[in-house]
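The lines below spell out each chain.
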Amino acid sequence: MSETHIQIDNVNAYYSGHPALKNISVKIPKKQITAIIGPSGCGKSTLLKCMNRLIDLTDGITYSGKILIDNEDIFDRKTDIINIRKKMGLLAQKPTPLPMSIYENIAYGPRIHGIKKKADLDTIVEKYLTLVGLWEEVKDRLNSPASQLSVGQQQRLCLARGLAVEPEIILCDEPTSALDPISSQHIEQQLLKLKNEYTIVIVTHNIHQAMRLADYVIHLYLGEMVEHGPADEVFENPKDERTRAYINGTFLADVKIDKVIDTKGNQCPYNFVYAKQALHSLEKGQTLKMIVDDPTAVTEVPRGMEADGHVVLSVKQKNITDWEIVIKKKG
Amino acid sequence: MNLRRLKDNISSRLMLAATVFACLLFFFVLIGLYSRASPILSAVPITDLLFSSEWGPTDGKFGFFPFIMGTLWVTGLATIIAVPISLLSSIYLSEYAGNHLRNIMKPLIDLLAGIPSVVYGLWGVLAVVPFIKDTLAPALGVETVGGYGILAGGIVLAIMVFPIIISITGEVLRSVSQELREVSLSLGATKWQTIKHVVLRKARPGIFAAIILGFSRAFGETMAVLMVVGNVAKVPSSIFDPAYPLPALIANTFGEMMSIPLYESAILLAALMLLVVVMIFNILARMVLIKIERGVV
Amino acid sequence: MELRRVEESVFRVLMILSLLIVVGSLLAVIGTILWKGLPVLSIDMITKTAEGGYFLGKGGGILNAIVGSLYLAAGGTVLAFFLSIGIAFYLQKEYSGGTKLSNLTRLSLDILWGTPSIVYGAFGFTVMMYFHMRASLLGGIIILAFLELPIMTRAMEEVLKTVPRELKEVSYSLGATRLETTLRVVSKQALPGLMTGVLIAFGRGIGDAASILFTAGYTDRIPTSLFDATASLPLAIFFQLGTPSPQVQQKAYASAVILLVIVLAISITTRFLSRKYTKYIIK
């Protein structure tokens, strides 16, 4: 394994008392693409935002542990977080142009870091817009509002803007989930090109994207890290059952369901009680699929089941109201 | 590089100072008024101050009862007029009216809130007072003091309170979830039944808060009331009587005749009473609204 | 017809009636003031100061009150702006950390918002007496600033809350400080809303009479220094209406028209603002 760039050490995070990340310790390699995968609400974005401490902007969050970047602990209150953030570009889920012109969007970062000369800024703007393949498309309208670009162009602009402060790391939070397939492909190609120069961390729930891009994989599940390692190992031979279930397509094709119960219309704790009764009738190691429509159940039933020692294989949204939870009986 | 940190640091300290100032401002006012009102509180028993009707500052008699009753009559009447009209309007706007009407009404209601109170007072003198004197009072066969009195004050105040109750109630009604309405409608309830049994029940605490805030605004309103209410220091017995509410007392007499012992102190006590009552109302109402915002109620 | 449908119809009629009363009141107030005030409004009225004392002075116009009011409201608004913008910025999560202080500040501002202006006036006058200050432009400006402070701050805070968090995150992730993010990104995005907050506070300030009754005084002249007493439109209406002379009372009507026009202008400008200055804004 190559050199470590970000060392995450025993990180815990709580949203107003609820655990969001539990004892995460992992080393993120330099100049590779690391994908953080897992279902919605598993803490992927929380972990990413810990890395540049944007998590501070979230209400009711507390966190502990250490994240070391170049031997500086960014959780340490004494660390100058502004310098740390300069080292890390962020590509957000939704393209987020700043309320300024295209030119000013790119120039914003360099300007606050002290580059004042127009000629220097012009060079930077052209360089990074070219790097993301946007220069030809926008060079005639650099002064028009960035919000007028198409969504795909906006996302490339955001990438260029992040690169313009010359970071070492690029953090991507589901960077293609708001984009059309062609724009997504564009961004993915950019990232593959950039990994020679930068350490890239990408959060994605799209397993195929992770397979296409990642050199290293971290699988989070309900705030826990269930598996991590080089991408080919994890994808070809996952050690953890939940990872296997997650990877195996949408995603339970391989898992034999032994019993299905429908608890729609029931609220917590009744749906939990019904599920426990259903599990009781099963053999050890058999699986139960339950359908719920109570939002509380989506988080609380898996928690309760895990507390009882069962294994929750997946939690997945079926449609607007219904969720599907697959539980494997302990044994 | 360090200059950036320094700027950030200094500006944040200045902002903190402004914030702390805002926190303390209310206490400055409270303590300032209390310290100036304390001479009369120690010289005259509180029961006399609150429940005596004798007002003769030159003889050292400071009975606030007529003024307190005047305030309550005017404010009470204004609330009785304003609450049904504001609530019905607000319900219509949020539940029945289309977007078009709502977009027209919003600026009008904001404008109603923006008109200065002296302008309302002037309107009261030009329109409401003559109407009561020349039309309403003769028709009902009652005596008025030239049309000035509680009724005129109540009508003018009610209009000033409309925008407050309407806009806060509107926000509260909008915070009731659409699904709740759909559930009721899907059970075969009519729109009005849904509003009555589901929406209004859910919105009740918020509407209560809106009414309190409206009432508290009316309670402290000075100029408009002062101009139409007649200003006679007697306990009123009907809405056609004149009254002399506390804010009017302060506005009319403060700064004059300061040589009379305890007079200034008495007037500042009136201001303190207003402040304390309004403070209690506001805290109460805000507590409710904050709970609604957090989704507790 | 079913009873419940009858009930619904009855209430519908009542609701429409109520709405008509509300709109009717607004039109009645504006209509009456314009009807009484427009005929007496002349060029002289708005270009000449009053002559012969405010109580019995029939000559001249109301320029002293117009200018006085603009001075008072503008001064109060500027003073309140610097306090308010600081407080509103500080109430953001990255400064105050969503702490007890920010909750206390909000509660305090809410109480100040509800505090009657006559109470501010009485308090201000007491403090001024303590420092042996006479009623003056400065006194009026300070009290109006206090009166406007909660209105402006709450309006600004509401606007700042609507700035998408992602925008801030972008700025911070590029290594910007809080001040840079606040001034260059947040303020830019929130600009129309911030200006609206300032205007609303200005409108409240220019229309208030009770707070400046004792603190700003009244005079026939246009003030030449911060320590001069000053006339104002709301007090002009109040005092002039109280005189026995019909000519002086007419000045009150003219003052009311001017005040109403200012308030209307503010109302229209705020509508207009929410459409303009939005070129770069991210929706």
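Residues numbered from 1 in each chain as written. Chains lettered and ligands numbered in written order. Predicted model: local features only at pLDDT ≥ 70, side-chain atom pairs only at ≥ 80, totals over all residues.

**Considering the overall build of chain A**
No. 1: Scanning chain A from terminus to terminus reveals 12 helices and 14 strands.
No. 2: Its C-alpha atoms give chain A a radius of gyration of 22 Å, near enough to 20 Å, the size a compact globule of 331 residues would have.
No. 3: Overall, chain A is about 75 × 40 × 40 Å in size when its C-alpha atoms are taken along their principal axes.
No. 4: Residue pairs at least 24 apart in sequence account for 66% of intrachain contacts in chain A once pairs closer than 6 positions are excluded. (Helix = DSSP H or I, 4+ residues; strand = E, 2+ residues; numbered from the N terminus. Rg over C-alpha atoms; globule rule 2.2 N^0.38 Å. Contact = placed C-beta atoms within 7 Å.)

**Details of the overall build of chain C**
No. 1: When helices and strands are counted, chain C shows 11 helices and two strands.
No. 2: Counting helices and strands in the order they occur from the N terminus, chain C gives α-α-β-β-α-α-α-α-α-α-α-α-α.
No. 3: Taken along the three principal axes of its C-alpha coordinates, chain C extends 70 × 65 × 35 Å.
No. 4: Evaluated residue by residue, chain C yields a buried proportion of 57% over its 283 residues. (Buried ≥ 20, exposed ≤ 12 C-beta atoms within 10 Å, placed from the backbone.)

**Some words on the packing of helix H8 (residues 191-220) of chain B against helix H1 (residues 3-37) of chain C**
No. 1: Taken N-terminus to C-terminus, the directions of H8(B) and H1(C) make an angle of 80°; their axes are 8 Å apart at the nearest point. By the angle between their axes, H8(B) is roughly perpendicular relative to H1(C). Between H8(B), through B:Lys191, B:Trp192 and B:Gln193, and H1(C), the contact on the second element is made entirely by C:Arg4, C:Glu7, C:Glu8 and C:Phe11. (Axes fitted to C-alpha atoms, helices over the stretch in contact; angles between N-to-C directions. Parallel < 35°, antiparallel > 145°, perpendicular 65-115°, else oblique.)

**What to know about the interface of chain C and chain A**
Reports of interface size often rely on the accessible area that becomes lost once the parts have come together.
No. 1: On the chain A side, the residues contacting the 24 residues of chain C number 27 residues.
No. 2: Elements supplying a minimum of two residues to the side of chain C that touches chain A: helix H4 (93-96), helix H8 (165-173) and helix H9 (178-207) of chain C.
No. 3: For the side of chain C that touches chain A, a count of residues per class yields nine nonpolar, six polar and nine charged. (Nonpolar A, V, L, I, M, F, W, Y, C, P; charged D, E, K, R; others polar.)

**Quick look at helix H5 (residues 100-114) of chain C**
No. 1: Between the first and last C-alpha of H5(C) there are 21 Å, a value that for 15 residues agrees with the 21 Å anticipated at 1.5 Å per step.
No. 2: Those residues of H5(C) lying buried are C:Ser102, C:Thr105, C:Arg106, C:Leu109, C:Asp110, C:Ile111, C:Leu112 and C:Gly114.
No. 3: Contacts made by the buried residues of H5(C) are with helix H1 (2-43), H8 and helix H11 (263-293) of chain B together with helix H3 (63-90), H4 and helix H7 (137-161) of chain C. (Expected span 1.5 Å × (residues − 1).)

**Description of helix H6 (residues 150-175) of chain B**
No. 1: A rise of 1.5 Å per residue sets the reference length of H6(B), with its 26 residues, at 38 Å; its end C-alpha atoms lie 36 Å apart and thus fit the reference within 8%.
No. 2: The largest bend in H6(B) is about 35°, located at B:Val161, with the proline B:Pro163 one to four residues further on. (Bend = angle between axes of the 7 residues up to and from the residue.)

**Thoughts on the environment of B:Asp8**
No. 1: Tracing the backbone through its elements, the reader meets B:Asp8 in helix H1.
No. 2: Considering only alpha carbons, one finds B:Asp8 and B:Ala270, 262 residues apart in sequence, at a separation of 45 Å.
No. 3: What B:Asp8 contacts, discounting residues up to four positions off in sequence, is C:Thr177, C:Arg178 and C:Leu179.

**Topic: the environment of C:Leu19**
No. 1: Along the chain, C:Leu19 falls in helix H1.
No. 2: Not counting residues within four places of it along the chain, the set of residues in contact with C:Leu19 comprises B:Ser89 and B:Tyr92.

**Re the confidence of the model for chain C**
Close inspection of predicted coordinates is inappropriate in any region flagged by low pLDDT.
Residues and elements named next belong to chain C.
No. 1: Mean pLDDT for chain C: 88, with 94% of residues reaching 70 or above.
No. 2: Mean pLDDT values for the elements of chain C range from 74 in strand S2 (residues 59-60) up to 95 in H3.
No. 3: Prediction confidence for the complex, expressed as pTM and ipTM, is 0.81 and 0.91 respectively. (pLDDT = per-residue confidence, 0-100.)

**Regarding the interface of chain B and chain C**
No. 1: Contact residues are listed per partner, giving 68 residues for chain B and 71 residues for chain C.
No. 2: For the side of chain B that touches chain C, the secondary-structure elements that each account for two or more residues are H1, helix H3 (65-96), helix H4 (99-114), helix H5 (117-140), H6, H8, helix H10 (246-253) and H11 of chain B.
No. 3: In terms of residue count, the dominant contributor to the side of chain B that touches chain C is H1(B) (20 residues).
No. 4: Looking at the side of chain B that touches chain C, its residues break down into 45 nonpolar, 14 polar and nine charged.

**Describing the arrangement of the chains**
No. 1: Comparison of the two pairs of chains in contact shows the highest number of contacts for chains B and C.
No. 2: Separated in space, chain A and chain B share no contact, their closest pair of C-alpha atoms being 8 Å apart.

**Some words on the pairing of strand S12 (residues 287-292) of chain A**
Residues and elements named next belong to chain A.
No. 1: With four bridges joining them, strand S11 (residues 259-262) and S12 adopt parallel strand pairing. In the strand pairing of S12, Ile261 is matched with Met290.
No. 2: Handedness of the crossover joining S11 and S12 through helix H11 (residues 270-280): right-handed.
No. 3: Direction of pairing for S12 relative to strand S14 (residues 323-328): antiparallel, over a ladder of six bridges. Paired with Val292 across the strands is Trp323, a residue of S14. (Pairing = 2+ DSSP bridges. Right-handed = clockwise from strand over helix to strand, strands pointing away.)

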